[in-house]
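# Inside the fold
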Amino acid sequence: MTYDFILSVLRMATPLLFAAMGGLLSERSGVINIALEGLMLVGAFVAAVATLHWGSPAYGFLAAGAAGFFAGLFYAFTVIHGRAGQIVAGTAFNLLAVGLIPLLLKMLYDSTGGTPALPAEQRFQYFPLWFVFVVGAMVWLFITKIRAGLWVSVAGENPDSLDAAGVSVAKVRYFAVGASGMLAALGGASLSIFLASGYSRNMVAGRGFMALAALILGKWRPPLAVLACLFFGLTEALQIRLQGAVVGGMTVPAQLVQIIPYFATIVVLAGFVGQAKPPKALGRAL
């Protein structure tokens, strides 16, 4: 396994790691976050637009995080105070992002396909790749060592006891889902201003759902979720490496190679989802 391939695995895993850590915070608090896909789209779009406007990927990254936080709060409002079904609301948010972003692209750039290409100097080279592991360590320390992080975990396991202790479960869940939106949006930003040279339509391509799969495979624990994301990053790196491969004198069809990450996701979930025990209050309305 060469250095370049290992680097490719880490690069492919970076967006998944951000989104999985965000999903972990939301679901540990008791809120199912099917909206990770849409939140990543929001982050990818805002990061590209902000970077084009200010000429700095750092500003784009920060803008994406802020947009994701407020988008997460909007989703939290629909499911906490609006009492909408969490899976239905998450799916609706994904559809909203898919439909609204092309409209904004048309208004800003007279194109629904994507933003103008970013020059190389306005893209990250390595920052998201190492920063995401810092984020993973911080999330692990937060939910295991910090009082507010323990509140998040209790909100997803036994919200009644948290309420009896005088802590607002709703506020804890708002914070967790807002932070979830911020991290998922940073995952989207790492796509548009790190792995690519701008936003292109539907560029997230199911990675939000792959992050959810990694979260389930990791049993809602940060270290295991990180390993699951690295596994999915490996499958993505493999499908890139295998494009154009020749077997028995015949070129492997590109479509067959491209389904490797998604096929691996289905196989892994089918084999391990029954062994994963989610937070007891996951999906339960207040």
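For the structure itself, consult the block above.
Quick summary incoming for the structure in this document. (Residues numbered from 1 in each chain as written. Predicted model: local features only at pLDDT ≥ 70, side-chain atom pairs only at ≥ 80, totals over all residues. Heavy atoms only, no water.)

### Concerning the overall build of the chain
When its secondary structure is counted, the chain shows 12 helices and 2 strands. Helices (α) and strands (β) of the chain occur, in sequence order from the N terminus, as α-α-α-α-α-α-α-α-α-α-β-β-α-α. Compactness check: the chain gives a C-alpha radius of gyration of 19 Å against a globular reference of 19 Å for 286 residues, within 12% of the reference. Expressed as lengths along the three principal axes of its C-alpha atoms, the size of the chain is roughly 65 × 45 × 30 Å. Looking at the chain alone, contacts between residues at least 24 apart form 80% of all its contacts between residues at least 6 apart. Split by element, the accessible area of the chain, about 13,100 Å² in all, is 69% carbon and sulfur. Of the side-chain charges in the chain, 17 are positive and 9 negative, and the distance between the mean point of each set is 7 Å. (Helix = DSSP H or I, 4+ residues; strand = E, 2+ residues; numbered from the N terminus. Rg over C-alpha atoms; globule rule 2.2 N^0.38 Å. Contact = heavy atoms within 4.5 Å. Areas by Shrake-Rupley, 256 points an atom, 1.4 Å probe, with all protein chains shown as cover. Lys, Arg positive; Asp, Glu negative; His and termini not counted. Charge placed at Lys NZ, Arg CZ, Asp CG, Glu CD.)

### Topic: the nonpolar core
In this structure, Leu25, Phe45, Phe61, Tyr75, Val139, Leu183 and Tyr199 are the most contacted members of the largest nonpolar core, which totals 81 residues. Broken down by element, this core gets its largest block of residues, 14 residues, from helix α8 (residues 169-195). Excluding residues within four positions of it along the chain, phenylalanine 45 makes contact with Ile101, Leu104, Leu105, Leu108 and Tyr199. (Core = buried A, V, L, I, M, F, W, Y, C linked by side-chain atoms within 4.5 Å. Buried < 20%, exposed > 50% of the residue type's maximum accessible area, 1.4 Å probe, protein only.)

### As for helix α5 (residues 127-145)
Spanning 19 residues, α5 covers 26 Å between terminal C-alpha atoms, matching the ideal 27 Å at 1.5 Å per step. Within α5, burial applies to Pro128, Leu129, Val132, Val135, Gly136, Val139, Phe142 and Ile143. Taken down its axis, α5 places every buried residue within 135° of arc, on the same side. Counted as exposed and oriented over 90 degrees from the buried face of α5: Met138 and Lys145. On its buried side, α5 packs onto α1 (3-28), α6 (147-157), α8 and α10 (222-242). (Expected span 1.5 Å × (residues − 1). Arc of directions from axis to C-beta.)

### A look at the pattern of salt bridges
Taken as a whole and judged by the stated rule, the model has 2 salt bridges. Between lysine 106 and aspartate 110 there is a salt bridge; the shortest N-O distance is 3.1 Å. Exposure remark for lysine 106: the relative accessible area of 43% places this residue in the partly exposed category. With a shortest N-O distance of 3.0 Å, arginine 207 and glutamate 236 are connected by a salt bridge. With a gap of 29 residues between them, arginine 207 in helix α9 (residues 207-217) and glutamate 236 in helix α10 connect regions that are remote in the sequence. (Salt bridge = Lys/Arg side-chain N within 4 Å of Asp/Glu carboxyl O.)

### Overview of the packing of α6 against α8
Each pair of packed helices can be described by the angle between their axes along with the distance between the axes. At a closest axis distance of 10 Å, the pairing of α6 and α8 adopts a crossing angle of 110°. When the axes of α6 and α8 are compared, the pair comes out roughly perpendicular. Note on packing geometry: the crossing formed by α6 with α8 is left-handed. Listed contacts from α8 to Trp151, Val152 and Ala155 of α6 are Val169, Val172, Arg173 and Ala176. A breakdown of the residues in the contact of α6 with α8 according to their chemical character gives 6 nonpolar, no polar and 1 charged. (Axes fitted to C-alpha atoms, helices over the stretch in contact; angles between N-to-C directions. Parallel < 35°, antiparallel > 145°, perpendicular 65-115°, else oblique. Left-handed = near helix turned anticlockwise from the far one by under 90°. Nonpolar A, V, L, I, M, F, W, Y, C, P; charged D, E, K, R; others polar.)

### Some details on a nonpolar patch on the surface
A cluster of nonpolar side chains, Phe74, Leu96, Leu100, Leu103, Met107 and Leu108, forms an exposed patch at the surface whose accessible area comes to about 610 Å². By residue number, the principal contributor to the nonpolar patch is helix α4 (residues 86-109), which donates 5 residues. Relative to the helices and strands, leucine 103 resides in helix α4. On the basis of relative accessibility, which here comes to 48%, the residue leucine 103 falls in the partly exposed class. (Patch = residues over 30% accessible without salt bridge, like charges linked within 9 Å, V, L, I, M, F, W, Y side chains within 5 Å.)

### Some details on a positive patch on the surface
On the surface, a cluster of positive charge is contributed by Lys219, Arg221, Lys277 and Lys280. In this structure, arginine 221 sits in the loop between α9 and α10. Judged by relative accessible area, arginine 221 falls into the partly exposed class, the value being 49%.

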